[in-house]
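Residues per chain, in single letters:
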Amino acid sequence: MSRFVWVTHSFMLVAPIVSAIEVTIPLVAPPDSASVLGNLVSLSIEQDRWIDWAGTTEPNTFFNNVLDNLVQITKTPPFIRIGADSEDHTDFSYDIQYEEDVFPASTAITPYPEATNITVGQGFYDLISHLPYGTQVHWGVNLRQYNLTAAYLETVALIDAFSSHAVTEKGITLKFLEVGNEADLYHNNQGRNSSWNVQEYVSEWEEFAYNVSMTANLSKTSYTKLIGAAFAGSSHSNLSGFSPQAIFNLGILESPAGQLIETISQHQYSGSFCTGGGAVLQDLMTKSYIRGNISVFTQDIEATFANGLSYILGETNSMSCHGAPNVSNTAGAALWLLDYSFYATQLGISRLHLHEGVGYKYNLIQPVTLNYSILDGTPIAPLAPHVQPPYYAAIIAAEAIGSSGTAQAVEIATDENDVSGYAIFEYGRLSKAVFINTIAYFAGAGARNATHIDFSFTGSGYTANKMGVKTLKIGYATDTANLTWGGQTYETSDGRVNGPLIVDTLPVSSGIDLQETEAVLVTFL
């Protein structure tokens, strides 16, 4: 059944109400509302297994289907970044068709490690033609190995791929080139010696980025531009460390290549599983924790805007080093991502690239069959391509934003520490609202509580009398499957939505009941 079919249900109380709040929502977008594009939730793909995501002799149908689900909702493909750690381990050879990789041994902490050496050929880049029509791409080239020839050959191959008929006829474009990934960590990963500093980085980046920009024929008027920074962390206003402020202070934007920077990219994770340890799902989901992990970049964002540039999270997800087991791959992580994404817009972050790799715990999408557990690397029966719970957050965000291209978002103030809300405006008028209850409900916790939310409205304009309420149903926060969105599932063999759509049509005056570990989308009718 089409997602646009509405089914009317009477509203049934399914949980004891332990609190009741009233939220005030403006009918007209406030002047400080954040503009939100349909590709707000986008992807960053670890480059070492790019051919698995793209497919070689033919496109990866499952991956294309789950991308197309989002296109069908927003009319905008997710923005795709390709690169990350393995971009700095990549060399080019005309003797290779696609790629040859060298991987370290799998471990219980990292069942699917990144390749330590990747050699690619022209066909590796040509596979970009397998993405959906109109996809914008952000691709990284190698800085860490300090090999200008490698950076040059990779750039030539990229430009050849994106100028091919197979790519241009689908409107797939190279929007950004990224020179080096997380250079602030080079002194930790043997990329540079212990004295490596931001001054050396700016000098090397300007050299390599100038070579790349000349090879790609970039200019102030070219469509393709450069990404700035792409750091793992930030020293913020400490100009001796790595931060947007530090590289601005060193004059990077006045250099020939720096004048081609259009966007600053920051990488951010909400915790780490690099050495194992007990990550806590409720911590990840907590509203204050989510806000703290983004607001830490407020100074960086302001400095970026002051220089006329945009700001993205070019690589982000829940826990670094591929995620934490039974945290990053759970339904609770879907609620984290939904709140995290919309809150990011309130600080001026225009796009989030959720990092993905084959077999990573925090993936939205597992694009190929897996033979080893993503949790501990033990052998398993072949597990076909599938979506993981955080994918539902991308779907909900897409439906909230819609396809008008005019969406704006503003956070709704609530009197609950565990309830988040966002009003969505289209053409300047109130259209929808998203509400998220971030209390983790676990098996054995007893009664599942709910918060009742009533609405009041401010400003002049149309006030809806009815609303459609669509719910993300979750059994427990730790669930890794069997979620439904409006009664429908995306956990299908082809990645397409299945099942009858359920949307409750209610009077606005009745308000809504929001259970623990639940999200709803309210559409004002």
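In every chain, residue numbers begin from 1 and rise along the written sequence. Owing to the predicted nature of the model, reporting of local features is limited to residues with pLDDT of at least 70; listing and counting of side-chain atom pairs is limited to 80 or more, with chain, interface and lining totals taken over all residues. Note that the side-chain values use all heavy atoms of the structure and ignore hydrogens as well as water.

Visitor: Honestly, the overall build of the protein chain in this entry has me stumped. Any pointers?
Guide: Helix and strand assignments follow DSSP, with helices taken as H or I runs no shorter than four residues and strands as E runs no shorter than two, numbered in order from the N terminus. Assigned secondary structure in the protein chain consists of 12 helices and 26 strands. It is over C-alpha atoms that the radius of gyration is taken, and the globule rule equals 2.2 Å times the number of residues to the power 0.38. Over its C-alpha trace the protein chain gives a radius of gyration of 23 Å, about what one expects of a compact globule, namely 24 Å for 525 residues. Along the three orthogonal principal directions, the C-alpha set of the protein chain runs to about 65 × 55 × 45 Å. In what follows, residue pairs with any heavy atoms lying within 4.5 Å of each other are defined as contacts. Summarising the internal contacts of the protein chain: among those between residues at least 6 apart in sequence, 79% fall at separations of at least 24. Per-residue and other accessible areas follow the Shrake-Rupley method at a 1.4 Å probe size, with only the shown protein chains counted as cover for residues. If you sum the accessible surface of the protein chain, you get close to 19000 Å²; carbon and sulfur atoms cover 52% of it. Within this scheme the basic residues Lys and Arg register as positive and the acidic residues Asp and Glu register as negative, but His and the chain ends are omitted. A charge is said to be at NZ when it belongs to Lys, at CZ for Arg, at CG for Asp and at CD for Glu. Separation between the mean location of the 21 positive side-chain charges and that of the 50 negative ones in the protein chain comes to 8 Å.

Visitor: Sorry, what's going on with unusual backbone geometry here?
Guide: For residues that are not glycine, phi is negative in most cases, and the peptide bond is trans in most cases. Here the phi dihedral of His 322 falls at roughly 80 degrees; this positive angle occurs in a residue that is not glycine. The residue His 322 is located in the loop between strand 12 (310-317) and helix 11 (331-346) in this model. Burial classes: relative accessible area under 20% of the type maximum marks a residue as buried, over 50% as exposed, and values in between as partly exposed (1.4 Å probe, protein chains only). Given the relative accessible area of 4%, His 322 is considered buried.

Visitor: Before we go on, may I ask you to explain helix 4 (residues 148-162) in this structure?
Guide: Side chains that are three or four residues apart share a direction in an α-helix, a result of its 3.6 residues per turn. Here the expected length of a helix is defined as 1.5 Å per residue gap, with one fewer gap than residues. Along its 15 residues, helix 4 runs 21 Å from first to last C-alpha, staying within 8% of the 21 Å computed at 1.5 Å per residue. On its buried face, helix 4 is in contact with strand 5 (90-92), helix 3 (122-126), strand 8 (136-141), helix 5 (165-168), strand 9 (173-179) and helix 6 (198-215). Sitting at the amino-terminal end of helix 4 is Asn 147, which places a side-chain oxygen 3.0 Å from the backbone nitrogen of Thr 149. Counting of polar contacts relies on pairs of N or O atoms within 3.5 Å, with two restrictions inside protein: one atom must be capable of donating a hydrogen and the other of accepting it, and residues adjacent in sequence are counted only when both atoms are side-chain atoms.

Visitor: For this particular structure, what's the right way to read the state of the cysteines?
Guide: Here, the word disulfide means a covalent bond between the sulfur atoms of two cysteines. Any cysteine sulfur atom paired with another within 2.5 Å is treated as part of a disulfide. For the structure on display, the rule yields 1 disulfide. At a sulfur-sulfur separation of 1.8 Å, the disulfide partner of Cys 274 is Cys 321. Where Cys 274 bonds to Cys 321 through sulfur, the torsion about that S-S bond is close to 80 degrees, and the disulfide is right-handed. Of this pair, Cys 274 sits in the loop between strand 11 (261-269) and helix 8 (281-285) while Cys 321 sits in the loop between strand 12 and helix 11, and the two are 47 residues apart along the sequence.

Visitor: Help me understand the sheet that holds strand 3 (residues 41-46), please; the structure alone is not making it clear to me.
Guide: In a beta sheet, neighbouring strands are held together by backbone hydrogen bonds and run either parallel or antiparallel to one another. Strand pairing follows a simple DSSP-based rule, namely that at least 2 bridges must link the two strands. The 8 strands are arranged 3-4-8-9-10-11-12-13 in a closed barrel whose pairing can be described as parallel. Geometrically, the sheet is characterised by an average inter-axis angle of 30 degrees between neighbouring strands, direction not taken into account. As a rule, the C-alpha atoms of each element are fitted with a line to give its axis, helices using only the stretch in contact, and angles between N-to-C directions run from 0 to 180 degrees.

Visitor: What is the right way to look at the sheet that holds strand 6 (residues 99-102) in this model?
Guide: With mixed pairing, the 3 strands of this open sheet are ordered in space as 5-7-6. Whereas interior strands pair on both sides, the edge strands pair on one side only; in this sheet they are strand 5 and strand 6. Strand-to-strand twist across the sheet, computed as the mean angle between neighbouring axes with direction ignored, equals 15 degrees. Judged from the 3 bridges that link them, strand 5 and strand 7 (residues 117-120) form a sheet pairing that is parallel. Within strand 7, the position partnered with Phe 92 by the bridge is Val 120.

Visitor: Where do I start with the nonpolar core in this structure?
Guide: A general tendency of soluble globular proteins is for nonpolar side chains to be buried together. Nonpolar core, defined: a set of buried Ala, Val, Leu, Ile, Met, Phe, Trp, Tyr and Cys residues in which side-chain atoms within 4.5 Å join the residues together. Core analysis: the biggest nonpolar cluster contains 131 residues, and Trp 50, Ile 128, Trp 139, Tyr 201 and Phe 342 have the highest contact counts within it. Not counting residues up to four positions away in its chain, the partners in contact with Tyr 201 are Leu 143, Ala 183, Trp 196, Ala 229, Phe 231, Phe 242 and Ile 247. If you look at the next biggest cluster of nonpolar residues, it comprises 25 residues, including Val 410, Val 419, Ala 423 and Leu 506.

Visitor: Looking at this model, I keep getting lost on the environment of Asp 504. Mind explaining?
Guide: One can find Asp 504 in strand 24 (residues 504-507). Judged by its relative accessible area of 15%, Asp 504 falls in the buried class. Along the sequence, Asp 504 and Ser 240 sit 264 residues apart, while their C-alpha atoms lie 55 Å from each other.

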